[in-house]
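Architecture and fold: a report
The residues making up each chain are set out below.
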Amino acid sequence: MNKDLEIIYSRMQLLFKRTNRTRYWFQVANDSYDRSYNFFFNSQHKGERLKSVPLHKIDSYDLQYLEQIIDGLRKKTSLSIKFIGFTDLRWPKTQKLIQWRRDILE
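This report concerns the structure included in the present document. Predicted, not measured: the structure shown is a model, and the values here were computed from it.

What counts as what
- Residues numbered from 1 in each chain as written.
- Predicted model: local features only at pLDDT ≥ 70, side-chain atom pairs only at ≥ 80, totals over all residues.
- Heavy atoms only, no water.
- 1 Å grid on protein atoms, 1.4 Å probe; cavity = no way out; pocket = protein on both sides within 12 Å on 5 of 7 lines; lining within 4 Å.
- Points joined across faces, edges and corners; volume = space filled by probe spheres on them.
- Helix = DSSP H or I, 4+ residues; strand = E, 2+ residues; numbered from the N terminus.
- Nonpolar A, V, L, I, M, F, W, Y, C, P; charged D, E, K, R; others polar.
- Pairing = 2+ DSSP bridges.
- Axes fitted to C-alpha atoms, helices over the stretch in contact; angles between N-to-C directions.
- Phe/Tyr/Trp six-rings, centres within 6.5 Å; stacked < 30°, edge-to-face > 60°.
- Buried < 20%, exposed > 50% of the residue type's maximum accessible area, 1.4 Å probe, protein only.
- Lys NZ or Arg CZ within 6 Å of the ring centre and 35° of its normal.
- Expected span 1.5 Å × (residues − 1).
- Contact = heavy atoms within 4.5 Å.

**Some details on the layout of surface pockets**
Approximately 210 Å³ is the volume attributed to the largest pocket. Along the wall of the largest pocket there are 14 residues; nearest its centre are Leu15, Thr22, Tyr24, Ser43 and Lys51. Elements that contribute at least two residues to the lining of the largest pocket include exactly strand 1 (22-31), strand 2 (36-45) and strand 3 (51-58). The greatest single-element share of the lining of the largest pocket, amounting to 5 residues, is contributed by strand 2. Partitioning the lining of the largest pocket into residue classes produces 4 nonpolar, 6 polar and 4 charged.

**Side note on the sheet that holds strand 3**
Spatially, 3-2-1-4 is the arrangement adopted by the 4 strands of the open sheet, whose pairing is mixed. Only two strands of the sheet have a single partner each, and these edge strands are strand 3 and strand 4 (80-84). Pairwise comparison of adjacent strand axes, ignoring direction, gives a mean angle of 25° for this sheet. As judged from the 5 bridges shared by strand 1 and strand 4, these two strands associate in the parallel manner.

**Brief notes about the packing of aromatic side chains**
Going through the model one piece at a time under the given rule, you end up with 7 aromatic pairs. Seen in terms of ring centroids, Tyr37 and Tyr61 are 5.0 Å apart; in terms of plane orientation they differ by 20°. Their pairing is stacked. Within this pair, whereas Tyr37 is found in strand 2, its partner Tyr61 is found in the loop between strand 3 and helix 2 (63-76), the two being separated by 24 residues in sequence. For Tyr37, a relative accessible area of 3% gives the class buried. Relative accessible area serves as the criterion here: at 27%, Tyr61 is assigned to the partly exposed category. An aromatic cluster is defined as three or more aromatic residues linked by ring pairs; in this entry it consists of Tyr37, Tyr61, Phe83, Phe86 and Trp91. The ring of Trp25 has Arg23 lying over it, and the distance from NZ or CZ to the ring centre is 4.1 Å. Over the ring of Tyr9 we find Lys76, and its NZ or CZ is 4.4 Å from the ring centre.

**Description of helix 2**
Helix length check: helix 2 (14 residues) gives 20 Å between terminal C-alpha atoms against 20 Å at 1.5 Å per residue, within 8%. What helix 2 keeps buried is the set Leu63, Tyr65, Leu66, Glu67, Ile69, Ile70, Gly72 and Leu73. Residues of helix 2 that are buried sit in contact with helix 1 (3-15), strand 1, strand 2, strand 3 and strand 4.

Below, the structure written as structure tokens:
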């Protein structure tokens, strides 16, 4: 298994509590200025504020490498993954769009 994937997954396991009426998801941000990808773990209990915890920063600015990390995450967990900053970019292997719409935060 990849070292970055191990770090992301092990940190996620510490934060994932399986609490009732709570949403959990990953967020991957494309930082084009630093040429890196940032992973966050988000959770939101019903009626409460969003909690976002930074998990890891991948300095290898390569979409093929990121695609391998995302595929590994999807095999290990069923949490959804939200992408920010990937508008008009496609996965190298499948040629599918990574992000369908621009986020309001972009």
